[in-house]
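Coordinate analysis (summary)
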Amino acid sequence: MPPKVRVRFAPSPTGYLHIGGARTALFNWLFARHHHGTFILRIEDTDQQRSTDEALAAIIDGLKWLGIDWDEGPGVGGEYGPYNQMARLEIYQREAKRLLASEAVYKCFCTPEELEKMREKAREQKVAPRYDGRCRSLSPTEVAEREAKGDPFVLRFRVPSGTTTFEDMVRGPITFENVEIDDLIILRSDGTPTYNFSVSVDDETMKITHVIRGEDHISNTPKQILLLRAMGVEPPEYGHVSLIMGEDGARLSKRHGATAVGAYEDLGYLPEAMFNFLALLGWSPKDNREIMTWQEMVRDFDIQNVAGTAAIFNPKKLEWMNGMYIRALSDEELAERFAPFLIKAGLMTEGGIASHREWLIKLAHATKERLHLLTDIVPYSDFFFRDIESYPEKDVKKHWSKPAVVTHLTALADILKDCEPFEAQTIEARCHEYIEREGIKLGDLVHPARLALTGKTVGPGFYETVELLGRERCLSRLRKALVHTQGHKQ
RNA sequence: GUCCCCAUCGUCUAGUGGCCCAGGACUCCGGCCUUUCACGCCGGCAACAGGGGUUCGACUCCCCUUGGGGACGCCA
């Protein structure tokens, strides 16, 4: 029986959770859940300059928002911890000492300045910038002397000759000539590990079985394989998913708009829509299904079906999908979801939300099929909360210029005055009676009336709008409109 | 510069040698429904990067070219 699947998402807490990172996390999570394995969150915080607690919190919030939970890692613990690298320093140092003893690594006394000079020169000569190996064969006495002098040194990996091949789960076999690989530093002069080393040690000590990560790590893979072999262990399986690009084909970045997952939350996206959309960026169930529950995705996910092709982030489709998910919500759920946005827009208060639950559910019902984003609730409902200041000139011209408008609005006011119960259905029935009696078209009544009641020409269904507004406000807005139309004519 | 990855409609993708003069979805454009806006439904535009092979037969396999992306840090 093969060992239980263990995968990890290993962000460095140097910024927000990026769309690309979120998808990588998602694929790992899907893979783990599909195989009934373990999903681990590991924090790669060895870059002390750039790692922050805020960034860590943002990443954790982003994952939680998306519904991605982890079985081991920050907040939940686990038997292979600690799960942040700065707390694992002794482990790396112990491992480095072992590698030093086996001569797989060596001490290098080159300074950052010297190395920069080397790279500079390489750039000028247009050759691959790389370490020239000048400390590779320092004699033990030389090493001892420089150490005695107190010269700082780093530990470098003595990359063996040959070729390194691995079977990528999404791309098939990938081969590198070892001569192309630099003698990389594994331990800095301050004793902290560098990326490739800490990753290798952690993947091994945390018993990671499959590494699913971005394409930008392909060139790191042979280094990690070689390091792992030098440590005497078998590397895990690797699968590299392509990067997510912006509309112009360049790597997705700030200038393409929001790239932080948290920004999409603020924009009114539903996490389940985001989850679904991200999963489909590179993966497909092969049978034309698109809207799927996470259970279905877990059931059908297969890393081998993930495309190696770069995917361009398509905000339009995300928006469409979000609308689909909004429509699938119950009225109660939708009301709960958009309530925070009503508060944020200053239209309602916390207390108002609590005391108008039934009303909000009706609002949800009336607006549901019109929303693409939760924030869309604002333009579709702001007139319920604010008095109408003015009527757009061109709408007035279009809907209020016929003389009969005054008659119709007056009639509507009469109808609403004693319409019982004051509900969409009865209001609709009474309005129909009226238009039939008058022999007019429904639009002759509804269009001028909508403008009077909402100050707009677009909005939720007319009768529902009337009910939601309530009798008193309808009557006063009708009066105000009547004043406006008559004043206009003089 | 060197190495690595990738290449089907504008975009996300299905297609693993004949089922494909290429299917679905988003976008866009028509039409229907309709009190607006939406939703929904119906229909339309739109792709195998180019060139060589292999094969009875290539979107599918191989090579080259081109194009895009990534990597080459005491960053991760």
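Residues numbered from 1 in each chain as written. Chains lettered and ligands numbered in written order. Predicted model: local features only at pLDDT ≥ 70, side-chain atom pairs only at ≥ 80, totals over all residues. Heavy atoms only, no water.

Tracing the backbone shows Asp 168 in strand 5 (residues 163-168). In this structure Asp 168 is buried but unpaired, with Arg 171 as the nearest side chain of opposite charge at 4.5 Å. Within the local environment of Asp 168, its side chain forms a polar contact with the backbone nitrogen of Arg 171, the two atoms lying 3.0 Å apart. Looking at Asp 168, its side chain comes within polar contact range of the side chain of His 240, at 2.6 Å. With residues near it in sequence (within four places) discarded, Asp 168 still touches Pro 173, Ile 174, Tyr 238, Gly 239 and His 240. (Helix = DSSP H or I, 4+ residues; strand = E, 2+ residues; numbered from the N terminus. Buried < 20%, exposed > 50% of the residue type's maximum accessible area, 1.4 Å probe, protein only. Lys, Arg positive; Asp, Glu negative; His and termini not counted. Salt bridge = Lys/Arg side-chain N within 4 Å of Asp/Glu carboxyl O. Polar contact = N/O pair within 3.5 Å; in protein donor to acceptor, adjacent residues only side chain to side chain. Contact = heavy atoms within 4.5 Å.)

The subject of this paragraph is the domain arrangement of chain A. Domain annotation for chain A reports domain 1 (1-76 + 242-328), domain 2 (330-382) and domain 3 (387-489). Taken over C-alpha atoms, the centre of domain 2 sits 23 Å from the centre of domain 3. Each partner contributes residues to the interface: domain 2 has 10 residues there, and domain 3 has seven residues. For the pairing of domain 2 and domain 3, the buried interface totals around 740 Å² over both sides, and the portion due to carbon and sulfur atoms is 55%. Summed over the shared surface of domain 2 and domain 3, the number is two salt bridges. The salt bridge involving Lys 456 is made with Asp 382; its shortest N-O contact spans 3.1 Å. Connecting domain 2 to domain 3 are five residue pairs in polar contact (both at pLDDT 80 or more). Looking at the side of domain 2 that touches domain 3, the elements that each hand over two or more residues are helix 14 (357-367) and helix 15 (377-385). Broken down by element, the residue count for the side of domain 2 that touches domain 3 peaks at six residues, all from helix 14. Here the side of domain 2 that touches domain 3 is built from residues that sort into five nonpolar, two polar and three charged. (Domains from an automatic or database assignment. Buried area = accessible area lost by both parts, 1.4 Å probe. Nonpolar A, V, L, I, M, F, W, Y, C, P; charged D, E, K, R; others polar.)

This part is about the packing of helix 14 against helix 15. Two numbers describe how helix 14 lies on helix 15: the axes approach to 11 Å, and their chain directions differ by 135°. Considering the angle they form, helix 14 stands oblique to helix 15. Read as a crossing pair, helix 14 and helix 15 show a hand that is right-handed. Only Ile 377, Tyr 380, Ser 381, Phe 384 and Phe 385 of helix 15 make contact with helix 14, whose side of the interface consists of Trp 359, Leu 363 and Thr 367. (Axes fitted to C-alpha atoms, helices over the stretch in contact; angles between N-to-C directions. Parallel < 35°, antiparallel > 145°, perpendicular 65-115°, else oblique. Left-handed = near helix turned anticlockwise from the far one by under 90°.)

Let us look at the environment of Glu 234. Among the structural elements, Glu 234 can be located in the loop between helix 7 (221-230) and strand 9 (237-241). In the structure, Glu 234 is positioned 30 residues away from Glu 204 in sequence and 8.5 Å away in space, judged by C-alpha atoms.

Before going further, it helps to examine the pairing of strand 2 (residues 38-41). Side chains Thr 38 and Ile 40 of strand 2 all project onto a buried face; the interleaved residues Phe 39 and Leu 41 project onto the opposite face, where all are buried too. Here strand 1 (residues 6-9) runs beside strand 2; their pairing, made up of four bridges, is parallel. Bridging from a neighbouring strand, Arg 6 pairs with Thr 38 of strand 2. Following the chain from strand 1 across helix 1 (residues 19-34) to the adjacent parallel strand 2, one finds a crossover that is right-handed. (Pairing = 2+ DSSP bridges. Right-handed = clockwise from strand over helix to strand, strands pointing away.)

The subject of this paragraph is the UniProt feature "binding site: ATP" (unreviewed entry) in chain A. Using the residue numbers shown here, the UniProt feature "binding site: ATP" (unreviewed entry) corresponds to Lys 254. With respect to the secondary-structure elements, Lys 254 resides in the loop between strand 10 (244-245) and helix 8 (261-266). According to the relative accessible area criterion, Lys 254 is exposed, its value standing at 69%. (UniProt positions renumbered as here; feature names shortened; annotations may be inferred.)

It is worth spelling out the pattern of salt bridges at this point. As enumerated under the stated definition, the model contains 38 salt bridges in all. A salt bridge links Arg 130 to Asp 182; the shortest N-O distance between them is 3.4 Å. You can see Arg 130 sitting in the loop between helix 4 (112-124) and helix 5 (140-149) and its partner Asp 182 sitting in the loop between strand 6 (172-177) and strand 7 (185-187), a full 52 residues away along the chain. Classification of Arg 130 by relative accessible area gives partly exposed; the value is 33%. On the basis of relative accessible area, Asp 182 is assigned to the partly exposed category, the value being 23%. Among the salt bridges present, the one from Arg 289 reaches Asp 287, with a minimum N-O distance of 2.9 Å. Overlapping salt bridges bring together Arg 8, Arg 42, Glu 44, Arg 88, Asp 202 and Asp 203 as one network.

With that settled, consider the protein's contact with RNA strand B. The environment of RNA strand B is formed by 67 residues, the closest being Arg 171, Arg 188, Lys 286, Glu 369 and Arg 370. Within 4 Å of the protein, the contacting atoms of RNA strand B are drawn from sugar and phosphate to the extent of 72%. At 3.0 Å from a phosphate oxygen of RNA strand B is found a main-chain nitrogen or oxygen belonging to Ile 312. Residue His 447 places a side-chain N or O atom 3.1 Å away from a sugar or linking oxygen belonging to RNA strand B. If one sorts the elements of the surface near RNA strand B by residue count, helix 11 (residues 315-328) sits on top with five residues. A per-class count over the surface near RNA strand B returns 27 nonpolar, 21 polar and 19 charged. (Near = heavy atom within 4 Å.)

Residues Val 154 and Arg 156 line one face of strand 4 (residues 154-157) and the alternating positions Leu 155 and Phe 157 line the opposite face, and both faces are buried. Taken together, the two bridges between strand 4 and strand 7 define a ladder with antiparallel strand orientation. Note on strand 7: the bridge partner recorded for Arg 156 is Ile 185.

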